[in-house]
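Each chain, letter by letter, is given below.
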Amino acid sequence: MTALPFISRRLSRRVMVGHTAIGGGAPIVVQSMTNTDTADIAATTAQVKALADAGSELVRVTVNTLEAACAVPHIREALDRKQCNVPLIGDFHYNGHKLLADEPACAEALAKFRINPGNVGQGEKHDSRFAQLIDGALRFGKPIRIGVNWGSLDQQVLARLLDANQTRTPPLPLAQVMHQALVTSALESAAFAEAQGLPADRIILSCKVSEVQDLIAVYRLLAERCDYPLHLGLTEAGIGSKGIVASSTALAVLLQEGIGDTIRVSITPELGAPRTQEVIVAQEILQSLGLRAFTPAVISCPGCGRTTSTFFQKLAADVQDYLRASMPAWRTTYSGVENLRVAVMGCIVNGPGESKMANLGISLPGVGEAPAAPVFIDGKKSVTLRGEHIAEEFKTIIDDYVRAVYSSKENDSLESAPSARPHDTLNKLLAQCDSSAKISVDERE
Ligand code: SF4
């Protein structure tokens, strides 16, 4: 186990998927999957790009037909032309052995093959097709993910374990046999791949189920029995808040135990919701656990009878959207900006206290309070905003803070470490900023 401040991560082998490392202590990788017809090159390219721009570090596409396989190299080229180098993963079921053999350009363009051992045929067909898939991985130098799913569990493995269970006294509960069958299918498939010549450091495993307690039990078992890197995900998690909560609950337990090298949140998007939602949720899970930071965090209270209007909610959402929208540009310029914490609070009860603990905080006036919003910078009250332009002025303060504190990528003289925040520089910046006419320094300061 490698020791981190709060979490000891399970030691696993490192597998390279294109330029992205999975396992072996590498940061936990966020991945996602498209829902476009892969044969539609323009639509799939656009969605992969959107997912990558949102922060997906690997993107999986289904490769289910010859047309889809033929499209993959064109999608790769189109992404490269857009300077989008996110590795593409091909999702194969039933006919992957044939598609990889018939379309070598597809195999070449992919950074990894996902193989479901429950969907490569039965009996002798299973072994010969699986061998062909492994042969493809060997020929093109690609890693694979053996992705077991309980909706398509290898029936021969399950039947064998059920038979063996009948000889036990007493027999194990059915759920436990199912867990063992999932893990056995993954491990036997990995052993088969290695026997075909695929090195262990080109194999990633997953065993997805759709119930939280089952997922936790299965991955604990799998983690104990191998050192392959593990891809976590609650499959068919559901729609909207149900899918988000179920995925977060299951993944958080496992990640807290150090299990998991890459994650996907398989939520059914609500109608009209962007596909990128699953990427944001995955990032939020990792960031909430303190495992990775992707975007500045907004700490906002829920509001209550002390909040006078919806202004507080709007400001919190506005600041969150602003930070997220700014990140693509900030990421390339401002080192460590993803660790920024901004508090947007609704009243004096917890507002100043929470604001002081953030890098930047604003405490809006609640019922009966003077119409003034003190701003706190690194724990110190700085200015008080009033009037109709509080949102714009607060965003200006955020911009100034980011420029002053996280500029190490363009100015080596400024350290990005949060402990080296230049309060004085910031206060000078604030005093000089264009919006100073609208900002009155609080007399009580
Ligand atoms: S900080 Fe104030 S407005 Fe926000 S939840 Fe607490 S009491 Fe209510």
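Residues numbered from 1 in each chain as written. Predicted model: local features only at pLDDT ≥ 70, side-chain atom pairs only at ≥ 80, totals over all residues. Heavy atoms only, no water.

### What to know about the overall build of the chain
The line we're drawing: Every helix listed is a DSSP run of H or I at least four residues long, and every strand listed is a run of E at least two residues long, numbered separately from the N terminus. In this analysis, two residues are considered to be in contact whenever any of their non-hydrogen atoms come within 4.5 Å of each other. All accessibility values rest on the Shrake-Rupley procedure with a 1.4 Å probe; residue burial counts only the protein chains present in the view. Charged residues are defined narrowly, with Lys and Arg counted positive, Asp and Glu counted negative, and His plus the chain ends left uncounted. Positions of charges follow a simple convention, taking NZ of Lys, CZ of Arg, CG of Asp or CD of Glu.
Each helix and strand in the chain was counted, giving 14 helices and 20 strands. Projected onto the principal axes, the alpha-carbon positions of the chain cover approximately 85 × 55 × 40 Å. For the chain, the share of sequence-separated contacts (at least 6 apart) that also reach a separation of at least 24 residues comes to 66%. Carbon and sulfur atoms make up 53% of the accessible area of the chain, which totals about 19,500 Å². Considering the chain, the positive charge centre built from 43 side chains and the negative charge centre built from 48 side chains are found 2 Å apart.

### Some remarks on helix 5 (residues 123-140)
The criterion, for reference: A helix is expected to span 1.5 Å multiplied by its residue count minus one. Summary of the burial criterion: residues with accessible area below 20% of their type's maximum are buried, those above 50% are exposed, and those between are partly exposed, where the area comes from a 1.4 Å probe applied to protein chains only.
Between its first and last C-alpha atoms helix 5 spans 26 Å; for 18 residues at 1.5 Å apiece the expected length is 26 Å, and the two agree. When we look at burial in helix 5, the residues that qualify are H126, F130, A131, L133, I134, G136, A137 and F140. Against the buried residues of helix 5 lie helix 3 (96-102), helix 4 (104-109), strand 8 (112-115), strand 9 (144-149) and helix 7 (174-195). Immediately downstream of helix 5, the backbone of G141 shows phi near 65 degrees, a positive value.

### Some words on the packing of helix 6 (residues 155-166) against helix 7
Basically, it comes down to this: Lines fitted to C-alpha atoms define the axes, with helix axes restricted to the stretch in contact, and inter-axis angles between N-to-C directions lie between 0 and 180 degrees. Geometric relationships in this document are graded by angle, where less than 35 degrees denotes roughly parallel, more than 145 denotes roughly antiparallel, 65 to 115 denotes roughly perpendicular, and other angles denote oblique. By convention the crossing between two helices is left-handed if the near helix lies anticlockwise of the far one by an angle smaller than a right angle, and right-handed if it lies clockwise. Throughout, the ten residues Ala, Val, Leu, Ile, Met, Phe, Trp, Tyr, Cys and Pro are labelled nonpolar, Asp, Glu, Lys and Arg are labelled charged, and all others, Gly among them, are labelled polar.
The geometry of helix 6 relative to helix 7 is characterised by a closest axis approach of 9 Å and an angle of 135 degrees between their N-to-C directions. Relative to helix 7, the element helix 6 is oriented oblique. In this structure, helix 6 crosses over helix 7, and the sense of that crossing is right-handed. Where helix 6 abuts helix 7, its residues V157, L158, R160, L161, L162 and N165 lie against L174, V177, Q180, A181, T184, S185 and E188. A per-class count over the contact of helix 6 with helix 7 returns seven nonpolar, four polar and two charged.

### With respect to the sheet that holds strand 5 (residues 29-33)
This is how it is decided: Strands were regarded as paired on the criterion that DSSP finds at least two bridges between them.
Sheet architecture is open: eight strands sit in the order 10-9-8-7-6-5-13-11, paired in parallel fashion. Both outer strands of the open sheet, strand 10 (203-208) and strand 11 (231-232), are each paired with one neighbouring strand and no more. Here strand 8 pairs with strand 9 via three bridges, running parallel. In the strand pairing of strand 9, R114 is matched with R145. Lying over the sheet, helix 10 (residues 277-288) contacts strand 5 and strand 13 (262-263), oriented at roughly 160 degrees with respect to strand 5.

### Comments concerning the environment of G90
As for its placement among the helices and strands, G90 is situated in strand 7 (residues 88-92). Once you skip the residues sitting within four places of it in the chain, G90 turns out to touch V61, V63, L110, K112, F113 and R114.

### Let's talk about the confidence of the model for the chain
Just so we agree on the cut-off: Within a predicted model, pLDDT stands for the predictor's per-residue confidence, ranging from 0 to 100.
Across the chain, pLDDT averages 90, with 90% of residues at or above 70. Note that residues 411-445 has pLDDT below 50 and, in this model, 53 contacts with residues that lie over four places away or in other chains.

### A look at the nonpolar core
For clarity, the threshold we go by: The definition of a nonpolar core used throughout is a set of buried Ala, Val, Leu, Ile, Met, Phe, Trp, Tyr and Cys residues joined through side-chain atoms within 4.5 Å.
In terms of nonpolar packing, the biggest core is built from 83 residues, with F113, I144, I203, L205, L222, L251 and L255 touching the most fellow members. For I144, the contacting residues outside a window of four places in its chain are K112, F113, I115, I134, A137, A193, L198, R202, I203 and I204. With 30 residues, the next largest nonpolar core counts L315, V344, V383 and V402 among its residues.

### A short note on the state of the cysteines
For the record, the criterion: Cysteine sulfur pairs qualify as disulfides if the two atoms are within 2.5 Å.
Tallying each qualifying case throughout the model produces zero disulfides. In this structure C207 is not part of a disulfide, and its nearest cysteine sulfur, from C226, lies 8.6 Å away. Its relative accessible area of 0% is what places C207 among the buried residues.

### A look at unusual backbone geometry
Going from T169 to P170, the amide bond is cis rather than trans, its omega being -10 degrees. Tracing the sequence through the fold places P170 in the loop between helix 6 and helix 7. Unusually for a residue other than glycine, Y94 sits at a positive phi of about 70 degrees. Even without being glycine, D378 reaches a positive phi, approximately 50 degrees. Tracing the chain through its elements places D378 in the loop between strand 18 (373-377) and strand 19 (380-385). The class of D378 is buried, set by a relative accessible area of 12%.

### Quick look at the packing of aromatic side chains
Geometrically, a pair of aromatic rings is defined through the distance of the ring centres and the angle of the planes. This is how it is decided: Think of it this way: a Phe, Tyr or Trp ring, Trp meaning its six-membered ring, pairs with another when their centres are within 6.5 Å, and the plane angle makes it stacked under 30 degrees, edge-to-face over 60, tilted otherwise.
Summed over the entire model, instances satisfying the criterion amount to four aromatic pairs. Ring geometry for F130 versus F192: centroids 5.3 Å apart, planes at 45 degrees, classification tilted. On the criterion of sequence distance, the pair formed by F130 in helix 5 and F192 in helix 7 is long-range, its members being 62 residues apart. Exposure remark for F130: the relative accessible area of 1% places this residue in the buried category.

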